[in-house]
Amino acid sequence: MQHFWVVGTDTDVGKTVITTLLMRQLQKHDLQVTPYKPVQTGEITENGHCYYYDTAMYEKYSLQRLKQENLNGYSFKEAASPHFAAHLEGQQINVEYLLREIQLLQQAYDVVICEGAGGLFVPLDTYGENTLLDLIVQSKLPVVLVTRTTLGTINHTLLTLEALHAHNVEVLGIVFNGDTGSQMEQDNVKTILQHHDLPYATIPKLGDISQIVDYSISHTSLFERLVKYETSIN
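Analysis parameters
- Residues numbered from 1 in each chain as written.
- Predicted model: local features only at pLDDT ≥ 70, side-chain atom pairs only at ≥ 80, totals over all residues.
- Heavy atoms only, no water.
- 1 Å grid on protein atoms, 1.4 Å probe; cavity = no way out; pocket = protein on both sides within 12 Å on 5 of 7 lines; lining within 4 Å.
- Points joined across faces, edges and corners; volume = space filled by probe spheres on them.
- Nonpolar A, V, L, I, M, F, W, Y, C, P; charged D, E, K, R; others polar.
- UniProt positions renumbered as here; feature names shortened; annotations may be inferred.
- Buried < 20%, exposed > 50% of the residue type's maximum accessible area, 1.4 Å probe, protein only.
- Contact = heavy atoms within 4.5 Å.
- Polar contact = N/O pair within 3.5 Å; in protein donor to acceptor, adjacent residues only side chain to side chain.
- Phe/Tyr/Trp six-rings, centres within 6.5 Å; stacked < 30°, edge-to-face > 60°.
- Helix = DSSP H or I, 4+ residues; strand = E, 2+ residues; numbered from the N terminus.
- Pairing = 2+ DSSP bridges.

The next thing to look at is empty space enclosed by the protein. Leftover empty space is mapped by rolling, across the atoms, a probe with the size of a water molecule. Under the definition given, this model contains three cavities of 30 Å³ or more. By volume, the largest cavity amounts to about 50 Å³. Every residue along the wall of the largest cavity is listed here: Pro38, Val39, Pro82, Glu115, Gly116, Ala117, Val122, Leu124, Leu132 and Leu135. Here the residues of the lining of the largest cavity sort into eight nonpolar, one polar and one charged.

The following block contains the structure:
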């Protein structure tokens, strides 16, 4: 069985959208798939109903019935870095607990997709002892990297890839998210791939998030790698 992380170069690069999209694509291959968000922040209140965007997206667009208790480790109301959001509620994030949860999920599902929070060096505790990258390294799972196509993405993406390689984290591929097809964006993608020849997928900028149900990445080099990896592990 193969399991992996979806991580981003920064916050708001579209990790949740890509996690949801990959979940749907793998579910279509008759695999039992669950997404897992170790830490989510930013409670949303609408019409008296409180929810979190990440896990709500999973449940709304999953092709399989998901178990709420398997979707998330910690949820904090403040839209902030995990360590600070936890501090505001008088809590500490226990990395060992998250690792145990990830291990248990791996035993129950064909594919577990762990979604990161923010970028790699987002702290998970107020003492600075653990970052998201530390959790990824200890989980011993590979990653899919989500990045932008816009100005600044070359620097952010290459720095993130260097950090992953320096910590011996396998990178399965890259998702370039939010592409509008401009000449600059095309060159950004080309330049990054010249430095790191990885399987990839380019996702256009979606006008409405509901368009995710009509979009497929099943014929991209990245998805072919994921399916091949899954088959080889099994």
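That shown, we press on.
To continue, consider the UniProt feature "binding site: substrate" (unreviewed entry) in the protein chain. Residues annotated by UniProt as "binding site: substrate" (unreviewed entry) correspond here to Thr41. Note on threonine 41: relative accessible area 23%, which makes it partly exposed. Those residues in contact with threonine 41 that sit more than four places away from it in its chain are Tyr52, Phe76, Glu78, Ala79, Ala80, Pro82 and Ala85. Within the structure, threonine 41 has its side chain in polar contact with the backbone oxygen of alanine 80 (distance 3.1 Å).

Throughout the structure, instances matching the rule amount to three aromatic pairs. On the basis of an interplanar angle of 15° and a centroid distance of 5.9 Å, the ring pair of tyrosine 74 and phenylalanine 76 is categorised as stacked. The class for phenylalanine 76 is buried, based on a relative accessible area of 0%. Ring centres of phenylalanine 176 and tyrosine 200 lie 6.0 Å apart, and the angle between their planes is 75°; this geometry places the pair in the edge-to-face category. Here the residue phenylalanine 176 occupies a position in strand β8 (residues 171-179), and tyrosine 200 occupies one in strand β9 (residues 200-204), the gap between them amounting to 24 residues. When its relative accessible area of 0% is taken as the criterion, phenylalanine 176 is described as buried. Aromatic rings pair up to connect Tyr74, Phe76 and Tyr97 into one cluster.

Below, the discussion takes up the environment of glutamine 186. Here glutamine 186 is to be found in helix α7 (residues 183-195). Taking the C-alpha atoms as reference points, glutamine 186 and serine 210, separated by 24 residues in sequence, lie 25 Å from one another. Reaching out from glutamine 186, the side chain makes a polar contact with the backbone oxygen of glycine 181 at a distance of 3.0 Å.

Moving on, we get to the pairing of strand β5 (residues 72-76). In terms of residue burial, β5 counts as a mostly covered element, since four of its five residues are buried. The pairing of strand β2 (residues 33-41) with β5 spans four bridges and is parallel. Its bridge partner lying in β5, valine 39 is registered against tyrosine 74.

Once that is clear, we can look at unusual backbone geometry. Residue aspartate 30 is not a glycine yet carries a positive backbone phi of 60°. By secondary structure assignment, the location of aspartate 30 is in the loop between α1 (15-27) and β2. Residues other than glycine seldom take positive phi values, yet asparagine 47 does so here, at roughly 50°. Here asparagine 47 lies in the loop between β3 (43-46) and β4 (49-52). Given a relative accessible area of 86%, asparagine 47 falls into the exposed group.

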